[in-house]
Amino acid sequence: MGNAHRNGNAVALVVRRAAPGYKFSVGETVKVIGDVGKLKSLQVGHGGFVDEMRSILARAGTVAGIDEDGDLRVEFKERTWALNPAAVTPVCYVRVTGDVAELQRLQVGHGGFNEEMRDILGRVVEVTGIADGKDVRVQWEDSVWTVNPEAVTKASADEAEEEEDEENPAEELAKLFLAAALLQAMADRSGSS
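Residues numbered from 1 in each chain as written. Predicted model: local features only at pLDDT ≥ 70, side-chain atom pairs only at ≥ 80, totals over all residues. Heavy atoms only, no water.

(A) Region of the structure containing the sheet that holds strand β7 (residues 124-131). Pairing is antiparallel in the open sheet, where 5 strands are placed in the order β9-β8-β7-β6-β10. Single-partner strands in this sheet number two, and they are β9 (143-147) and β10 (152-155). For this sheet, the mean angle separating the axes of adjacent strands, direction not counted, is 45°. (Pairing = 2+ DSSP bridges. Helix = DSSP H or I, 4+ residues; strand = E, 2+ residues; numbered from the N terminus. Axes fitted to C-alpha atoms, helices over the stretch in contact; angles between N-to-C directions.)

(B) Broad picture of the side chain of Glu-28. Summarising the element assignment, Glu-28 is placed in the loop between α1 (3-17) and β1 (29-32). Here Ser-25 takes part through its backbone nitrogen, which lies 2.9 Å from a polar atom of the side chain of Glu-28. (Polar contact = N/O pair within 3.5 Å; in protein donor to acceptor, adjacent residues only side chain to side chain.)

(C) Representation of the pattern of salt bridges within the structure. Evaluation of the coordinates by the stated rule reveals 6 salt bridges. The partner of Lys-31 in a salt bridge is Glu-126, with the nearest N and O atoms 2.9 Å apart. With Lys-31 in strand β1 and Glu-126 in strand β7, the pair connects residues that are 95 residues apart, well separated along the chain. According to the relative accessible area criterion, Glu-126 is buried, its value standing at 19%. A salt bridge links Glu-115 to Arg-118; the nearest nitrogen and oxygen atoms lie 2.5 Å apart. For Arg-118, a relative accessible area of 40% corresponds to the partly exposed category. (Salt bridge = Lys/Arg side-chain N within 4 Å of Asp/Glu carboxyl O. Buried < 20%, exposed > 50% of the residue type's maximum accessible area, 1.4 Å probe, protein only.)

(D) Broad picture of the packing of aromatic side chains. With the rule as written, the count across this model stands at 0 aromatic pairs. One cation-aromatic arrangement involves Arg-79 over Trp-81; the distance from NZ or CZ to the ring centre is 3.8 Å. (Phe/Tyr/Trp six-rings, centres within 6.5 Å; stacked < 30°, edge-to-face > 60°. Lys NZ or Arg CZ within 6 Å of the ring centre and 35° of its normal.)

(E) Examining the side chain of Asn-148 more closely. As for its placement among the helices and strands, Asn-148 is situated in the loop between β9 and β10. A polar atom in the side chain of Asn-148 sits 2.8 Å from the backbone nitrogen of Glu-150. Those residues in contact with Asn-148 that sit more than four places away from it in its chain are Leu-106, Gln-107, His-110 and Asp-135. (Contact = heavy atoms within 4.5 Å.)

Given below as structure tokens:
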């Protein structure tokens, strides 16, 4: 089974999210709004707001249930919260292939490849839209990329959160090389005095 079939859901979710009267499903990934004041007001009559809820602002969770009033039970790592459906938006995460040659090949006719795209190799990124009706628009940190849907596989909110918590291995390696170079320069300087 190829990526195109597995990734059809990622593309469909972005298209469905704009439709009026959107109905959430158990198991769906959603993201809480990032404005505490708006969340407080939206929670009136929907389980209320407590200060602990600040920890879920702008975070993704999974719909674990929907009550008879339509309120969502959204599960996060720490706990499950009852939320007004208006306080969340559906969100989709995908993992970009980690193979630079494969991404370069797949990007032909899909926006092309540039060296800065190496930053998203193997990363879990958020789908933000559809480009030209066929490509997936994804965001990583402050950059938005247009990617061939064949270059991604669906990822979970947990994977996205775990990745946010991790340090970038390339950055860590660069820090180690810099530290080693500084130590070498200091050793050279003290040896020549």
